[in-house]
Every structure is written in structure tokens, then in C-alpha cells.
Number of protein chains: 2
Amino acid sequence: MHDHYSGRSTVKQNFYKASILVVEDNPDHWMLIQEALGECLPEVQTVWVSTAKEAETYLADCLADQANLPKLMLLDLYLPDAGPSWTLIQKIKRPNSPYIRMPIVVFSYSNSQEDINELYRFGGTSYIVKPSTFDQWLAYFQSMRQYWWETVTLPGQNG
Amino acid sequence: MHDHYSGRSTVKQNFYKASILVVEDNPDHWMLIQEALGECLPEVQTVWVSTAKEAETYLADCLADQANLPKLMLLDLYLPDAGPSWTLIQKIKRPNSPYIRMPIVVFSYSNSQEDINELYRFGGTSYIVKPSTFDQWLAYFQSMRQYWWETVTLPGQNG
């Protein structure tokens, strides 16, 4: 991936004190995610919470401590209900939210057109059908690394 | 890329009657983009407009004709001024906009932290420093294909 075109400065900025917030209620899935993220994005710290409420508390604590916000949030839509996830997305993406710039990538086993449309309508960034094997998680995080970290310029910190 | 994990149904849906709307005022850059998109995403129709106003008209015409909206918009931020682009992004992403679900990928030669932060604050999806060679455009569109078309489930049509 290192022959990719992105300017060194963009890539450097994306990795600077970077973390991903993972919201996942299933500990087995978190283990797969953690392992795959560790292989594909070893430079990026991962933070795990298992409910939407804990995610909100974590983000508020980052602000209160003047710590860096996560560069990106990975959110399992069904925790096991989707209600708290929808509320969380709408809170993060409402005008004047201090977290509004953080991309939210949602994954779900559901392939429901209604869920997909709601996610984009509420300002969610990407909808991904949840991988079901470790190799699929690896492929997913490789694609995420290449797009978000090596191509895109992610939002700056708390600016 | 065909060993990628995405379910066949997701990939099929992403390519179904898919188009990209490219907003680019420089005809030379459009030629590079068109050529690179043709290599990387030959299944996807490209529509070119050169001003924010034309982009708005094109989207309104899609709605009026009950045609499919573009799956994604690629927007050059400086046309040559950024003002009309910011207005366009805010119009597309305001609540109740009929286009709100369409991802907006902005590219610009600028690496200005202010532009990057504004883009994400207004609901733009990704900020990309504009490639400067054809090979870099190819690398960019390969990454875009793999992420948006082969991994993510893009929004459905006008639903």
C-alpha cells in the first residue's frame, strides 16, 4: 500500500494519535475485530465499548479531558436493538454536536433497505454488511485502511 | 477484487443503474477523471457538470424525471471559488433534502485544515487531496471502487 498516491502529510496526519471507537455488544465479534484491526491498522489505537450509552460517555470524557476524539466510529447497528444506535447517530450528527465531523461506519447482519436508507439519511457515513469470517474482517479492514487512512484526509482533532 | 467478502447481493445492488456525478470545472482534469473512472469503474455511468449550479439542476432533473440519483458525488471544492461548493453541500445535506443520502466526496489541491473541518462539519463524506498524475487518479479510483462499491452498501435509489 505504500506506493499509494496520498501525500505523506495526509497519511501522517491520519495516523497521528489516531484511535477507532468500536461499539459492539458481542464479545466474540469484538475479539475478531480487535485481531483483524491489529493486523491491518496496527498504528491505530482501538477502544471498545459495548453499548451506545458507553459510547456517548466515552466521547464526552474525551472532550472533558481535552483528549483526541476517535478518528472514526465503527458501530454495530443491533446492540441487540437498533433504537439506541439510531439515537446515538442522530446525537452525533445533529448541528452543533462537538462530534459531528467523526465518520460513523455502521455494520449489521441486516441487509434491510430501510436500515440502509435511515443510516444515510441520519448522516451516517457508510453501511457495511457484517463480515462473518475472520478473513472477511481482514479484507474489510484492509479496504478501510486503504480508503480512510491512505487516501482520504480524515477530520482533524477537536478543532 | 473478486475474492472480496461482500455479499453478491450488495455488490449487485451498488452497480445497478449506478452513476457518479462529477463536478469539475477544469476540462483537462475531467478528461483524466473520465479515463481513470472508465478503467476502474466501467460499469458505472459518469455524468460531468462544471458548476455547482449545474449539479443542482442535474439532481433536480433526476427527481423530476423519476430517474435514479447518482450513487455518489465527486466534487472539486474550488470551482474556482469554494463558495458555491459549500452552498451545494449544505443544500444537499440539510434535513429533508431529497438528496441527503448521497455521499459527497470532495477533492481539492488545498490541504487546509479549515476546509477539511468544514467539509466534515457540513456532512460531507470524505476529503481527498486531489491527485496530480493519472496513475494517482487510478490508485484513487481503485481504492474508491474497493471501498464504496465492493465493501459498503451504497444508499438505495430514491426510496
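For clarity, every value in this text was computed on a predicted model and none was experimentally measured. Position labels on residues start from 1 in each chain and follow its written sequence. Chains carry letters and ligands carry numbers; both start at the beginning, A for chains and 1 for ligands, and go up in the order they are written. A pLDDT threshold of at least 70 governs which residues receive local features in this predicted model, and a stricter bar of 80 or more applies before side-chain atom pairs are shown or counted, although totals over entire chains, interfaces and linings include all residues. The side-chain quantities take in all heavy atoms of the structure and omit both hydrogens and water.

**Observations regarding the overall build of chain A**
Helix and strand definitions here come from DSSP, where helices need a minimum of 4 consecutive H or I residues and strands a minimum of 2 consecutive E residues; each element is numbered from the N-terminal end. The secondary structure content of chain A amounts to six helices and five strands. Secondary structure elements of chain A, listed N to C terminal, follow the sequence α-β-α-β-α-β-α-β-α-β-α. Radius of gyration means the value over C-alpha atoms here, while the globule rule gives 2.2 Å times the residue count to the 0.38 power. For 159 residues, the compact-globule formula gives about 15 Å, and the C-alpha radius of gyration of chain A, at 15 Å, lands near that figure. Each of the three principal axes of chain A carries a C-alpha extent, and together these read 40 × 35 × 25 Å. Note on definitions: a residue-residue contact is assigned when non-hydrogen atoms from the two residues lie within 4.5 Å. Across chain A, the fraction of contacts at a sequence separation of at least 24, relative to all contacts at a separation of at least 6, is 71%. In this charge count, Lys and Arg are treated as positive and Asp and Glu as negative; neither His nor the chain ends contribute. Where a charge lies is defined by one atom per residue type: Lys uses NZ, Arg uses CZ, Asp uses CG and Glu uses CD. Of note, chain A has its 12 positive side-chain charges centred 12 Å away from the centre of its 18 negative side-chain charges.

**Side note on the packing of helix 2 (residues 27-40) of chain B against helix 6 (residues 134-149) of chain B**
Residues and elements named next belong to chain B. Contact pair helix 2 / helix 6: the axes reach a minimum separation of 9 Å and the direction vectors enclose 45°. Taken as axis vectors, helix 2 and helix 6 run oblique relative to one another. Relative to helix 6, the crossing made by helix 2 is right-handed. Between helix 2 and helix 6, the residues in contact are Leu32, Ile33, Glu35, Ala36, Leu37, Glu39 and Cys40 and Phe134, Trp137, Leu138, Phe141, Gln142, Met144 and Arg145, respectively. The residue classification treats Ala, Val, Leu, Ile, Met, Phe, Trp, Tyr, Cys and Pro as nonpolar and Asp, Glu, Lys and Arg as charged. All others, Gly included, are polar. Of the residues in the contact of helix 2 with helix 6, the class split is ten nonpolar, one polar and three charged. Orientation is described by lines fitted to C-alpha atoms, with helices fitted over the stretch in contact, and by angles between N-to-C directions that extend from 0 to 180 degrees. Between 65 and 115 degrees an angle is taken as roughly perpendicular, under 35 as roughly parallel, over 145 as roughly antiparallel, and anywhere else as oblique. The handedness criterion is simple: a crossing whose near helix is rotated anticlockwise from the far helix by less than a right angle is left-handed, and one whose near helix is rotated clockwise is right-handed.

**Some points on the nonpolar core**
Judged by nonpolar contacts, the single largest core of 108 residues is most densely connected at Met144, Trp148 and Trp149 of chain A together with Met144, Trp148 and Trp149 of chain B. Beyond its immediate sequence surroundings of up to four residues, Trp149 of chain B is in contact with Val11, Asn14, Phe15, Ala18, Ile20, Leu41, Val44, Lys71, Leu72, Met144 and Leu154 of chain B. Remark: nonpolar core denotes a set of buried residues (Ala, Val, Leu, Ile, Met, Phe, Trp, Tyr, Cys) joined through side-chain atoms within 4.5 Å. Relative accessibility decides the category of a residue: with a 1.4 Å probe and only protein chains considered, values under 20% of the type maximum give buried, values over 50% give exposed, and everything between is partly exposed.

**Section: the relation of the copies chain B and chain A**
To superpose the copies, least squares is applied to the C-alpha atoms of every residue with a pLDDT of at least 70 in both. Expressed as a screw transformation, the operator carrying chain B onto chain A has a rotation angle of 180° and an axial translation of 0.0 Å, and the superposed copies differ by an RMSD of 0.0 Å. Such a turn and shift between the copies fits a two-fold axis. Mapped onto chain A, 97% of the interface residues of chain B again fall at the interface, so both copies present the same surface.

**Observations regarding the packing of aromatic side chains**
The geometry of an aromatic ring pair comes down to the distance between the two centres and the angle between the two planes. All names here are of chain A. Within 6.5 Å between ring centres, the rings of Phe, Tyr and Trp (the latter by its six-membered ring) count as paired, and their orientation is classed by plane angle as stacked under 30 degrees, edge-to-face over 60, tilted in between. Counted by the stated rule, this structure contains 17 aromatic pairs over all chains. A ring pair is formed by Trp30 and Trp48, whose centres lie 5.2 Å apart and whose planes are at 10°; its orientation type is stacked. Taken together, the residues Trp30 in helix 2 (residues 27-40) and Trp48 in strand 2 (residues 45-49) connect sequence positions 18 residues apart. In this structure an aromatic cluster arises from ring pairing among Phe107, Trp137, Tyr140 and Phe141. In this structure, Lys130 is placed above the aromatic ring of Tyr109, and the distance from its NZ or CZ to the ring centre is 5.3 Å. In our convention, an over-ring charge means Lys NZ or Arg CZ found within 6 Å of a ring centre and within 35 degrees of that ring's normal.

**Some thoughts on the UniProt feature "modified residue: 4-aspartylphosphate" (unreviewed entry) in chain A**
Residue and element names in this part refer to chain A. The positions that UniProt labels "modified residue: 4-aspartylphosphate" (unreviewed entry) are, in the present scheme, Asp76. Checked against the element boundaries, Asp76 lands in strand 3 (residues 72-76). Once residues within four sequence positions are removed from consideration, Asp76 is found in contact with Val23, Glu24, Asp25, Ser85, Phe107, Ser108 and Lys130. UniProt positions are given in the numbering used here, feature names are shortened, and annotations may be inferred rather than shown by experiment.

**Points about the interface of chain B and chain A**
With 36 residues of chain B at the contact, the number on the chain A side is 35 residues. Summed over both partners, the accessible area lost on bringing two parts together, with a 1.4 Å probe, is the buried area. Here chain B and chain A share an interface that buries about 3,000 Å² over both sides, 55% of which is from carbon and sulfur atoms. We define a salt bridge as a side-chain nitrogen of Lys or Arg found within 4 Å of a carboxyl oxygen belonging to Asp or Glu. For the interface between chain B and chain A, the tally reads zero salt bridges. In protein, a polar contact requires one atom able to donate a hydrogen and another able to accept it; more generally it is a pair of N or O atoms within 3.5 Å, and residues adjacent in sequence count only if both atoms are side-chain atoms. At the junction of chain B with chain A, the criterion picks out 16 residue pairs in polar contact (both at pLDDT 80 or more).

**Focus: the pattern of salt bridges**
If charged atoms from side chains of opposite charge come close, those side chains can pair. Residue and element names in this part refer to chain A. A complete count under the given rule lists twelve salt bridges over all chains for this structure. Among the ionic pairs, Asp76 bridges to Lys130, the shortest N-O distance being 3.0 Å. Of this pair, Asp76 sits in strand 3 while Lys130 sits in the loop between strand 5 (126-129) and helix 6 (134-149), placing them 54 residues apart in sequence. Salt-bridge contacts for Arg145 lead to Glu150; the nearest nitrogen and oxygen are separated by 3.0 Å. One salt-bridge network, in which partners are shared between bridges, spans Glu24, Asp76 and Lys130.

**A word on unusual backbone geometry**
All names here are of chain A. Omega for the peptide link from Leu79 to Pro80 comes to -10°, which places this bond in the cis form. Mapped onto the secondary structure, Pro80 falls in the loop between strand 3 and helix 4 (83-93). Notably, Lys17 is not glycine yet its phi reads approximately 45°, a positive angle. A residue is classified by how much of its surface remains accessible, and Lys17, at 54% relative accessible area, is exposed. One non-glycine residue, Asn96, lies in the positive phi region at around 75°. Summarising the element assignment, Asn96 is placed in the loop between helix 4 and strand 4 (104-108). According to the relative accessible area criterion, Asn96 is exposed, its value standing at 77%.

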